[in-house]
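Tertiary structure, described
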Amino acid sequence: MKDLLDDECSVIVQDLTVAYKEKPVLWDIDLKIPKGVLLAIVGPNGAGKTTLLRSIMGLIKPAAGNVSIFGQSIKKQKNTIGYMPQRGSVDWDFPTDALDVVMMGRYGHLGWFRRPTKADKKLALDALDRVGMLDFSDRQLNQLSGGQQQRVFLARALVQDADLYFMDEPFVGVDAVTEQAIIGLLKELRNQSKTVVVVHHDLQTLSDYFDWVSLLNVRQIAYGPVKDVLTNENLRTTYGGRRAFLMANQPFVD
Amino acid sequence: MGIEQLYIIILACIVAASCSLCGVYLILRRLALISDAISHSVLLGIVCAFFLVHDLNSPILILGATITGVFMVFLTELLISSKRLKKDASIGLVFPLFFSVSILLINLFAGDIHLDQDAVLLGEIAFTPFRLLSLWGLNLGPVSLWVMGGILLLNIGFVLGFYKELKLCTFDRGLAAMLGFFPTYIHYALMSLVSVTAVGAFESVGAILVVALMIVPPASAYLLSRRLSHMIGLSVLFGILSSLLGYFMAFYINVSIAGSMAVMTGVLFGFVFIFSPSQGVLIKFLRYHKQRLRFSANMLLIQLFDHEGTDTEKTENTFSNLVIHMKWSYRFANTVVAYALQHGFINRVDDYLSLTSLGREKARHVSVMDT
């Protein structure tokens, strides 16, 4: 793999270490994500995938290391970043409807005190339309199925109108149709030369869905284009002995 | 009605409205217990500030109380983040300490002043009209009306001004932090507001009943609302309604005004809980019975449909079979058969049941839908 120049990168992580109390969750991570790729962060449970995502976004303070986004610190780049949280990180019984949730994606552009305008509402409705949820815009959140809720949150990330998207396990708890719809939209974003970083679980779909992958297990095992990185040796290092089990079961897992 | 009574009613409404406004966010953030903790902790601030200035009417008391309220929240969160204790235990641990220390301080040093324990627990809204504010010889009405009015304005200003920010920080803290809305600052601002409101309401309704006013009206509104703005509006409405009803109840049966107000919040909640048109217990009960009947009728149709034209038809498609094989009670089988007859799905000749053409079509439709 040829070395990336800094200005070809959307995200540069240098020597990042994150620890909870004395236990390191991420050890000395170096990662360069080029612009315009669809990148998966993959690794076993407890590998620190969500922690890496949240540290890049500045939601967790690292013990050491540096993160830059488009060459600047995260604070200066908040409006170039779109975020889709993990399911369960929000209150699904909150008294609000789908449209209102999508509108929240506009709050960063609005800043303090300013109320959403008609233009923001139109953007939100367009985004709901793109994820196929326009007919559900006035539904309360807890009346939507898991897949529909994920689509609403994808729509919210879309209206953030960002250059760089972070998505934490967007495919958890959704059916095959929704999964295809979501990946279709993510590829569309990539084709508009936006960068999309996704925490992912499923090794089977990795090469179909993503261009780049970062293999993580507390340490950065490898990163780069999927076809270069997805070797048996790398996977064994990432997953340890459990990889043998995964391989043996592969034909039966759908 | 005398002017004093009118003062009391207006004050009660202002207290209820202020408590309901900040209470909405306590309910949504699952911090209901925090209101209890704050309302008890502010007493320590009031007592300490009183020893400092020796004046029960000084604004320093409100400041001191607010600071102890927020400090208590800070200590509680420190305990939670130590991960040694759960959230509820942490809350339950800190505030009784604050409260009991202040009770001891009152016992020891302030035995002869107005700061007595009954007033602390229950407040005395009936006395409030007699402390009047006068400036340059002008009578401007009760002091508490001015103080509480100011607190209400503060609440309205905060909830309206930070509407979008409060909503985002409450609903999705992660996104709020990422977009630079500082959810921690918003949290402490809200906690300060709850403390100020608790202090203001404290004098009128006491440390315990202020909890009822902060939690119950928003909880009732929560059952009825699908939007945050509706929840805020309804919650203020329920608060004001409780104080009006409470006042008149207290007046007619000659009991504590604050107590009656709190009882009324509970009565309104019970009413909403039972009669809410979307989530109410009553409507759910009715819906369940309707659904059960409809579902059982479909079961009956499918049973008749499956055995129609088979050897066992004469024994399977009978009323007695419903009781024996489907384990329905005699009475319930009667109800279901009556329902199916009434809708023209079946015919009945003595014990024998058969499908009408409409019933056959329905059975086919239902079984297709279900597979």
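So, a few notes on the structure that sits alongside this text. Sequence positions are assigned chain by chain, starting from 1 and proceeding in written order. For this description, chains carry letters from A and ligands carry numbers from 1, given in the order in which they are written. Given that the model is predicted, a residue must reach a pLDDT of at least 70 before its local features are reported, and side-chain atom pairs must reach 80 or more before they are shown or counted; all residues, however, enter totals for whole chains, interfaces and linings. With hydrogens and water stripped out, all remaining heavy atoms of the structure feed into the side-chain values.

Residue and element names in this part refer to chain A. Strands qualify as paired when DSSP identifies two bridges or more between them. Only DSSP runs of H or I covering at least 4 residues are called helices, and only runs of E covering at least 2 are called strands; the numbering of each starts at the N terminus. One open sheet accounts for six strands, arranged β5-β6-β7-β3-β8-β9; its pairing is mixed. Edge positions in the sheet fall to β5 (81–84) and β9 (219–225), since each has one partner strand and no second. Neighbour-to-neighbour, the strand axes of this sheet turn through a mean angle of 15 degrees, independent of strand direction. Pairing of strand β3 (residues 38–42) with strand β7 (residues 195–199) involves four bridges; the strand directions are parallel. Angles run from 0 to 180 degrees between N-to-C directions of axes, and those axes are lines fitted to C-alpha atoms, restricted for helices to the stretch in contact.

Further remarks concern the interface of chain A and chain B. Throughout, a residue-residue contact means that at least one pair of heavy atoms, one from each residue, lies within 4.5 Å. Every contact between the two is made by 34 residues of chain A and, on the other side, 29 residues of chain B. Here chain A meets chain B over a buried area of about 2800 Å², counting both sides, of which 62% is carbon and sulfur. What gets called buried area is simply the loss in accessible area from a 1.4 Å probe that two parts show on being joined, summed for both. Ranking the residues of chain A by area buried against chain B places Phe 94, Pro 95 and Trp 112 of chain A at the top, with a combined share of 25%. A salt bridge links Arg 156 of chain A to Asp 172 of chain B; its shortest N-O distance comes to 2.6 Å. As used in this structure description, the phrase polar contact means that two N or O atoms lie within 3.5 Å; if the pair is within protein, one of them must be able to donate a hydrogen and the other to accept it, and residues adjacent in sequence are counted only when both atoms belong to side chains. Across the chain A-chain B interface, the total number found is twelve residue pairs in polar contact (both at pLDDT 80 or more). Classifying every residue of the side of chain A that touches chain B by side-chain character gives 17 nonpolar, six polar and eleven charged. In what follows, salt bridge is the name for a side-chain nitrogen of Lys or Arg lying within 4 Å of a carboxyl oxygen of Asp or Glu. Under the scheme applied here, ten amino acids are nonpolar (Ala, Val, Leu, Ile, Met, Phe, Trp, Tyr, Cys and Pro), four are charged (Asp, Glu, Lys and Arg), and all others, including Gly, are polar.

One pass over the structure, following the stated rule, counts twelve salt bridges over all chains. Between Asp 100 of chain A and Lys 167 of chain B there is a salt bridge; the shortest N-O distance is 2.7 Å. Residue Asp 100 of chain A is found in helix α2 (residues 98–103), and its partner Lys 167 of chain B is found in helix α7 (residues 163–171); the two belong to separate chains. Each member of the pair, Asp 100 of chain A as well as Lys 167 of chain B, carries the same accessibility label: buried. One salt bridge connects Lys 164 of chain B with Glu 165 of chain B, and the closest N-O pair in it is separated by 3.2 Å. With a 1.4 Å probe rolled over the protein chains alone, any residue whose accessible area is under 20% of its type maximum counts as buried; one over 50% counts as exposed, and the rest are partly exposed. Assessed through its relative accessible area of 1%, Glu 165 of chain B is described here as buried. A network of salt bridges, in which partner residues are shared, links Asp 97 and Asp 100 of chain A together with Lys 167 and Arg 227 of chain B.

Residues and elements named next belong to chain B. Between helix α3 (residues 59–81) and helix α9 (residues 183–224), the shortest axis-to-axis distance is 8 Å and the interhelical angle comes to 135 degrees. Considering the angle they form, α3 stands oblique to α9. For the pair α3 and α9, the sense of crossing is right-handed. Here Ile 62, Ala 65, Thr 66, Gly 69, Val 70, Val 73, Phe 74 and Glu 77 of α3 come into contact with α9, specifically with His 187, Tyr 188, Met 191, Ser 192, Ser 195, Val 196 and Val 199. Taken together, the residues that form the contact of α3 with α9 break down as nine nonpolar, five polar and one charged. Should an angle fall under 35 degrees it is called roughly parallel, over 145 degrees roughly antiparallel, and 65 to 115 degrees roughly perpendicular, with every other angle called oblique. Each crossing gets its hand from how the near helix is turned against the far one by less than a right angle, where anticlockwise is left-handed and clockwise is right-handed.

Residue and element names in this part refer to chain B. Examined against the element boundaries, Ser 39 turns out to sit in helix α2 (residues 32–53). Side-chain polar atoms of Ser 39 contact the backbone oxygen of Asp 36, separated by 3.0 Å. Contacts of Ser 39, omitting those with residues within four sequence positions, involve Ala 198, Phe 202, Ala 207, Val 210 and Val 211.

The next subject is the layout of surface pockets. Size it by volume and the largest pocket reaches roughly 1400 Å³. Lining the largest pocket are 49 residues, and of these Leu 59 of chain A together with Arg 173, Ala 177, Pro 183 and Thr 184 of chain B sit closest to its centre. Only α1 (49–56) and β4 (64–69) of chain A together with α3, α4 (87–109), α7, α8 (173–178) and α9 of chain B provide two or more residues apiece to the lining of the largest pocket. Per-class residue counts for the lining of the largest pocket are 25 nonpolar, 13 polar and eleven charged. A 1.4 Å probe that fits but cannot get out identifies a cavity on a 1 Å grid over protein atoms alone, an open set with protein on both sides within 12 Å along at least five of seven lines counts as a pocket, and a residue lines either if it has an atom within 4 Å of a point. Grid points are joined across faces, edges and corners, and a volume is the space filled by probe spheres set on the points.

Everything listed here is a matter of geometry and, on its own, says nothing about what the molecule does.
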